[in-house]
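A structural walkthrough
Residues per chain, in single letters:
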Amino acid sequence: MATIRMVTRSSLSGSAASYRTTVETEEIRSHDVDVGYQLAVGTEVTAQELFAGTDQDWRFYITESSPIVPGSVVLSIDGELWFDDGEGRLLRNYSTSTGTGTALGTISYTSGLVTISSYSGRPVSATVTPISILIGDDWSVTRGATFRTAAAPLRPNGFTVRANNFATGEQYNGEADNQGVVSGDGITGEVTLKDGIVEIQFPVPVTAESLYYNAVSFKQIPLDPAILGLDPVRLPADGRVPILRDADILVLTHTQKDLITSPAADLVVNAGRDLLHDAWIEDDAGTRLDPAMYVLDKAAGTATLANPFTAQDADSNALSGDLHFVHRIDDMALCTEARIDGTLQLAQPLYHDFPADDTWVASAVYLGDLRARVRNWVSYTVDPGDYDGTGQETTANYNLIAYPVAIDNRGCVPERWKIKFTSTTAFELYGEERGLVATGSTAVDFSPTNPQTGTPYFTIKSDGWGSGWSVGNTTRFDTDAAAAPLWMIRTVLPGQATVDDDQLKIELRGDHN
């Protein structure tokens, strides 16, 4: 809202000044305005300024209210137009084509005081008529704004903006999603999370002074490599690395839990989808039903309860509450395009129908062909001490050509081994990581058991040893597992704990022959 005060008559004579004012109130909605008004009878107010002579400055007030909007004042002094340049100067001989004039006066926007300097040809008395004066505070309005936040990069979902309707004062609120798209209450726009540049539009004009934003930004703090576990120079500046990229192998997975309403012997529970990747039956507490109590057919997507049937776990403890059939499907596909907005393009159609709301996508690390093997077999007359030592080789040797060491992918582990003879036939087996593992003899096949799988680490045939072995002779060899090394780095942002327990799962999958 703006108030316009018009002076209908004003005069300067000697040291006295008088003027009559008429107040008109108009609602201004833009900078380019046309104001229509009708004069009413006003009251005459007389003000006096004492001057030492005719060459002194003229001083008078053009309004009883303040502040004055800069650049809004136009005066007629004795029929000659004077313009306010918006910076507190009054210009005589102003040219609307060039925007220039002679600065011979000043105006105080806060008090309304006008000062006219003495100049050649200034009359002794003059009539001053204000043509326009705009009174009011910040009356600027806008339908949109472009600006940059004070800090960047911004946290996804961490930007909000608000402003008030110019006409009604109603507040409009907008919020950015994790892609930086701003929406809400008719507000549209976008914020670039990386550099904090914001472009927004409002549904109606809003006051500029009511426009506020709130944003949460990230700040990178250098970490001690000893604490981090690796040299941070190898990481991007913000510590984030892409997990889904073009040409990655993707695994789409969906897990569903169905209530078994009336579990009974010989009941067939159908998942409603076939080719299940995994499935089981559990109670309300998540305790799994004894696998002996049902027969699972993953290809058909069914589970048949046993006869007789008892709701118990593998330790024969009774289950509680309802039973649920939990089943999971997944498909693997090659990613042909990973877009910045999170859209993934796949190289082939998916076999299963995946619900959009709770389907997860994971990246798979391709390890290639993996197999267990034995390598670096060598025998020394005496124990070289450590697993990197060397020495004089024995004349006796194991016949690896006729009797190779038998090994499989299940029981083999990555290890450096040492067989140390305690007699001409007896020996002890040591592992660099496992210490003393077992004892054996050249008279029988030697198959030390891997306690994690229940299968041998390897098998050495007795016929391969031959003769000529002495006390202290040591055989060294290495085994490689059907596995590949992986580095796992997990980042937890600073803050209060939100869950009591957290976990992740890693699954090894592949074909075998």
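Residues numbered from 1 in each chain as written. Predicted model: local features only at pLDDT ≥ 70, side-chain atom pairs only at ≥ 80, totals over all residues. Heavy atoms only, no water.

**Details of the overall build of the protein chain**
A count of helices and strands for the protein chain gives one helix and 34 strands. Looking at the protein chain residue by residue over its 513 residues, the buried ones come to 32%. Within the protein chain, contacts between residues separated by at least 24 positions form 61% of all contacts whose residues are at least 6 apart in sequence. If you sum the accessible surface of the protein chain, you get close to 31100 Å²; carbon and sulfur atoms cover 50% of it. (Helix = DSSP H or I, 4+ residues; strand = E, 2+ residues; numbered from the N terminus. Buried < 20%, exposed > 50% of the residue type's maximum accessible area, 1.4 Å probe, protein only. Contact = heavy atoms within 4.5 Å. Areas by Shrake-Rupley, 256 points an atom, 1.4 Å probe, with all protein chains shown as cover.)

**Overview of the sheet that holds strand 28 (residues 373-380)**
Taken together, five strands build an open sheet; the order of strands is 28-34-29-30-31 and the sheet is antiparallel. Of all the strands in the sheet, the pair left with one neighbour each is strand 28 and strand 31 (435-441). Neighbour-to-neighbour, the strand axes of the sheet open up by a mean angle of 20°, direction not taken into account. (Pairing = 2+ DSSP bridges. Axes fitted to C-alpha atoms, helices over the stretch in contact; angles between N-to-C directions.)

**Here's the deal with the sheet that holds strand 23 (residues 294-297)**
Consider a sheet: its strands pair through backbone hydrogen bonds, and that pairing is either parallel or antiparallel. Strand order in the open sheet formed by three strands is 21-24-23, with antiparallel pairing between adjacent strands. At either margin of the open sheet sits one strand with a lone partner, and together these are strand 21 (268-270) and strand 23. Ignoring which end each strand starts from, the neighbouring axes of this sheet average 20° apart. Direction of pairing for strand 21 relative to strand 24 (residues 302-305): antiparallel, over a ladder of three bridges. By the bridge assignment, Asn-270 is partnered in strand 24 with Thr-302.

**Overview of the environment of Gly-472**
Counting through the fold element by element, Gly-472 comes out in the loop between strand 33 (455-456) and strand 34 (474-480). C-alpha of Gly-472 to C-alpha of Ser-423: the two residues are 49 residues apart in sequence and 7.9 Å apart in space. Setting aside anything within four residues of it in sequence, one finds Gly-472 in contact with Thr-381, Val-382, Asp-383 and Phe-421.

**Things to note about the nonpolar core**
By size, the foremost hydrophobic cluster in this structure holds 22 residues, and its most contacted members are Ile-281, Leu-289, Tyr-294 and Phe-325. Those elements that place two or more of their residues in this core are strand 20 (249-260), strand 22 (278-283), strand 24 and strand 25 (323-338). The leading source of residues in this core is strand 25, at five residues. In this structure, Val-73, Ile-77, Tyr-109 and Ile-135 belong to the second largest nonpolar core, which totals 19 residues. (Core = buried A, V, L, I, M, F, W, Y, C linked by side-chain atoms within 4.5 Å.)

**A short note on the pattern of salt bridges**
A complete count under the given rule lists 16 salt bridges for this structure. The shortest N-O distance in the salt bridge between Arg-434 and Glu-415 comes to 2.8 Å. Residue Arg-434 is located in the loop between strand 30 (426-431) and strand 31, and its partner Glu-415 is located in strand 29 (residues 415-421); the two are separated by 19 residues in the primary sequence. Given the relative accessible area of 4%, Glu-415 is considered buried. (Salt bridge = Lys/Arg side-chain N within 4 Å of Asp/Glu carboxyl O.)

**A look at unusual backbone geometry**
Residue Pro-153 follows Ala-152 across a cis peptide bond; omega there is 0°. Among the secondary structure elements, Pro-153 is positioned in the loop between strand 13 (141-148) and strand 14 (154-164). Here the amide bond leading from Asn-307 into Pro-308 is cis, since omega sits at 5°, within 30 degrees of zero. As for its position among the elements, Pro-308 is in the loop between strand 24 and strand 25. We note that Ala-247 has phi near 75°; this positive angle belongs to a residue other than glycine. Relative to the elements of secondary structure, Ala-247 occurs in the loop between helix 1 (225-228) and strand 20. Even without being glycine, Ser-316 reaches a positive phi, approximately 70°.

**Observations regarding the side chain of His-352**
Note on placement: His-352 falls in the loop between strand 26 (344-346) and strand 27 (360-364). By relative accessible area, which is 8% here, His-352 ends up buried. For His-352, the side chain forms a polar contact with the side chain of Asp-331, separated by 2.9 Å. For His-352, the contacting residues outside a window of four places in its chain are Asp-274, Leu-275, Ile-329, Asp-330 and Asp-331. (Polar contact = N/O pair within 3.5 Å; in protein donor to acceptor, adjacent residues only side chain to side chain.)

**Let's talk about the pairing of strand 4 (residues 58-61)**
In summary, the side chains of a regular strand alternate between the two faces of the sheet. The alternating pattern of strand 4 places Trp-58 and Phe-60 on a buried face and Arg-59 and Tyr-61 on a face that is not buried. Pairing of strand 4 with strand 9 (residues 113-116), which is carried by four bridges, proceeds in the antiparallel orientation. Bridged to Phe-60 within strand 9 is Val-114.

**Side note on the environment of Asp-283**
Within the secondary structure, Asp-283 is located in strand 22. Taking the C-alpha atoms as reference points, Asp-283 and Leu-259, separated by 24 residues in sequence, lie 9.6 Å from one another. Discounting chain neighbours no more than four positions away, the residues touching Asp-283 are Leu-319, Ser-320, Asp-322, Leu-323 and His-324. There is a polar contact of 3.0 Å between the side chain of Asp-283 and the backbone nitrogen of Gly-286. Reaching out from Asp-283, the side chain makes a polar contact with the backbone nitrogen of Ser-320 at a distance of 3.2 Å.

**Topic: the confidence of the model for the protein chain**
Overall, the prediction assigns the protein chain a mean pLDDT of 84, with 86% of residues at 70 or greater. Per-element confidence in the protein chain is highest for strand 24, whose mean pLDDT is 97, and lowest for strand 1 (residues 2-13), whose mean pLDDT is 41. Note on residues 1-53: pLDDT is under 50 here. Beyond four places in sequence and across chains, it has 107 contacts. (pLDDT = per-residue confidence, 0-100.)

**Some words on the packing of aromatic side chains**
Tallying each qualifying case throughout the model produces 18 aromatic pairs. Ring geometry for Phe-159 against Tyr-213: centres 6.0 Å apart, planes inclined by 25°, an arrangement best described as stacked. Here Phe-159, found in strand 14, pairs with Tyr-213, found in strand 19 (residues 212-217); they are 54 residues apart in sequence, far enough to count as distant. Residue class for Phe-159 comes out buried when judged on its relative accessible area of 1%. Taking relative accessible area as the criterion, Tyr-213 reaches 34% and is therefore assigned partly exposed. (Phe/Tyr/Trp six-rings, centres within 6.5 Å; stacked < 30°, edge-to-face > 60°.)

**Notes on the environment of Asp-383**
Within the element layout of this structure, Asp-383 appears in the loop between strand 28 and strand 29. On the accessibility criterion, Asp-383 (25% relative accessible area) is partly exposed. Spatially, the C-alpha atoms of Asp-383 and Asn-473 are 6.6 Å apart, while their sequence positions differ by 90 residues. The contacts of Asp-383, once residues within four sequence positions are left out, are Lys-418, Lys-420, Gly-472 and Thr-474. Here Gly-385 takes part through its backbone nitrogen, which lies 3.0 Å from a polar atom of the side chain of Asp-383. Within the local environment of Asp-383, its side chain forms a polar contact with the side chain of Lys-418, the two groups lying 3.2 Å apart.

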